[in-house]
Amino acid sequence: MENQKDELDPKADLALLERARWSLELDQALDPGPWWYAPLAAAAIAAATLFSRNGSTGMLGLVMIASLMLAAHDRYRRPVRPRPSMRSATLVVPIALGTFVLLGLWGTAVSTIGYDDFVPGWALLGWVLTTALLLGGRAIAGAVRDRRAPIQ
Amino acid sequence: MSLDDLDPNLTAPKRLAALGLLSAAKKVEFGYLRDQLELTDSDLSKQLKVLLDAGYVTSKRTGKGKTRASWFAITAVGRRALNSHAAALQRLLQPPAPPAPSETGSAEAVVP
């Protein structure tokens, strides 16, 4: 026990535990798979219907059903079965809301400059750019994680 | 508060991190755990065996051939052990409470 006392660093151990939990939850929240892209596509169509006078709610419904089917299929290929928790909700909900608002802003910006007749196309472009932003965020999170010292 | 409150199975950082990861998911595949913890297959197997023997995790194999996978999940016992180990670590970080003045001690301090 004396040896253990010399080596023990409670602060480092607690930080390691927190890092392990957050790393899994963050990884799952930003995982680029159908689980994430499909709802993004649904959000893109939703944004399009919000800002287009001729938006099709039928199309939105189809995309949302397709998203759920893809998400269900993807669930069996993933190496982690996430555990729903308040902590993971605090990650996913702001990301989803932020994405929706961002896509809505794309629609608003396009509408302002008078290209209302091409909203789905602009929403698609907004979706691509938003996804690129999310991938960038994920790459930065990965780089930060890789810079940390490995577990001894 | 003493070091005896710490769980000997979790004083190794690799096992602590592995159980921490498992506590955030319903179940996790071996390869994912290995990549996240940056361990070799044999090292991770060794650490998981300790946790399995302690009853902190369960394992299940699925699929055949290329789709074969080993899944690990934390048990209720493991979750309790992790929580109490984390609580013990927290207590170790707290500064020791000053000793309560005994009656004889205060009397000596007052008497010139």
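Here the residue index of a chain counts from 1 through its sequence in written order. Chains carry letters and ligands carry numbers; both start at the beginning, A for chains and 1 for ligands, and go up in the order they are written. Restriction of local features to residues with pLDDT of at least 70 applies here, the model being predicted, together with a cutoff of 80 or more for giving and counting side-chain atom pairs; totals for whole chains, interfaces and linings are based on all residues. Only hydrogens and water are set aside when side-chain values are computed; all heavy atoms of the structure are taken into account.

Draft legend 1. Spatial organisation of the sheet that holds strand S1 (residues 25-29) of chain B. For two strands to pair, DSSP has to find at least two bridges joining them. The way it works is that DSSP assigns letters per residue, a run of H or I at least four long becomes a helix, a run of E at least two long becomes a strand, and they are numbered from the N terminus. Spatially, the four strands line up as an open sheet ordered S1(A)-S1(B)-S3(B)-S2(B), and their pairing is antiparallel. One side of each edge strand has no neighbouring strand; the edge strands of this open sheet are strand S1 (80-82) of chain A together with strand S2 (57-62) of chain B. Across the sheet, the mean angle separating the axes of adjacent strands is 20° when strand polarity is ignored. When S2 of chain B meets strand S3 (residues 69-74) of chain B, the two strands line up antiparallel, connected through six bridges. Counterpart to Ser 59 of chain B in the pairing with S3 of chain B is Phe 72 of chain B. Every axis corresponds to a line fitted to the C-alpha atoms, with the helix fit spanning only the stretch in contact, and the corresponding angles, defined between N-to-C directions, vary from 0 to 180 degrees.

Draft legend 2. Molecular detail of the nonpolar core. To define a nonpolar core, start from buried Ala, Val, Leu, Ile, Met, Phe, Trp, Tyr and Cys residues and group those joined through side-chain atoms within 4.5 Å. Whether a residue is buried, partly exposed or exposed follows from its accessible area with a 1.4 Å probe, protein chains only, as a fraction of its type maximum: under 20%, in between, or over 50%, in that order. If you look at the biggest cluster of nonpolar residues, it comprises 36 residues, and the most contacted ones within it are Leu 24 of chain A together with Leu 19, Val 28, Leu 33, Leu 37 and Leu 51 of chain B. Sorting elements by how many residues they give to this core places helix H1 (residues 13-23) of chain B first, with six residues. Residues contacting Leu 24 of chain A, with those up to four places away along its chain left out, are Val 80 of chain A together with Leu 21, Ala 24, Ala 25, Val 28 and Tyr 32 of chain B. Every residue pair with non-hydrogen atoms within 4.5 Å of one another is taken to be in contact.

Draft legend 3. Molecular detail of the packing of helix H2 (residues 10-29) of chain A against H1 of chain B. Axis separation between H2 of chain A and H1 of chain B bottoms out at 8 Å; the angle between their running directions is 35°. Every pair of crossing elements has a handedness; the one defined by H2 of chain A and H1 of chain B is right-handed. Mapping the contact onto sequence places Asp 13, Leu 16, Leu 17, Ala 20, Arg 21, Ser 23 and Leu 24 of chain A in H2 of chain A and Pro 13, Leu 16, Ala 17, Gly 20, Leu 21 and Ser 23 of chain B in H1 of chain B. Under the grouping applied here, Gly and all other residues not named as nonpolar or charged are polar, the nonpolar ones being Ala, Val, Leu, Ile, Met, Phe, Trp, Tyr, Cys and Pro and the charged ones Asp, Glu, Lys and Arg. For the contact of H2 of chain A with H1 of chain B, a count of residues per class yields eight nonpolar, three polar and two charged. Throughout, a crossing is termed right-handed when the near helix is turned clockwise from the far one, and left-handed when it is turned anticlockwise from it by less than a right angle.

Draft legend 4. Representation of the pairing of S1 of chain B in the model. Taken together, the three bridges between S1 of chain A and S1 of chain B define a ladder with antiparallel strand orientation. Paired with Pro 82 of chain A across the strands is Ala 25 of chain B, a residue of S1 of chain B. Of the pairings in the sheet, the one linking S1 of chain B to S3 of chain B comprises two bridges and is antiparallel in character. Pairing of Val 28 of chain B across the sheet is with Phe 72 of chain B, part of S3 of chain B.

Draft legend 5. Fine view of the interface of chain A and chain B. Contact with chain A, which involves 29 residues of that partner, is made by 30 residues of chain B. For the chain A and chain B pair, buried surface summed over both sides reaches about 2800 Å², with 68% attributable to carbon and sulfur atoms. Here, a salt bridge means any Lys or Arg side-chain nitrogen found within 4 Å of an Asp or Glu carboxyl oxygen. Counting the contacts that link chain A with chain B gives zero salt bridges. Contacts described as polar in this section are N or O atom pairs within 3.5 Å, which, within protein, must combine one atom able to donate a hydrogen with one able to accept it, while residues neighboring in sequence count only if both atoms come from side chains. Counting across the interface, chain A meets chain B through five residue pairs in polar contact (both at pLDDT 80 or more). Counting only elements with at least two residues in the side of chain A that touches chain B, the list comes to helix H1 (2-7), H2, S1 and helix H6 (119-147) of chain A. Element by element, the count of residues in the side of chain A that touches chain B is highest for H2 of chain A, at 13 residues. In terms of residue class, the side of chain A that touches chain B is built from 14 nonpolar, four polar and eleven charged. As used here, buried area is the combined drop in accessible area, with a 1.4 Å probe, of two parts when they are placed together.

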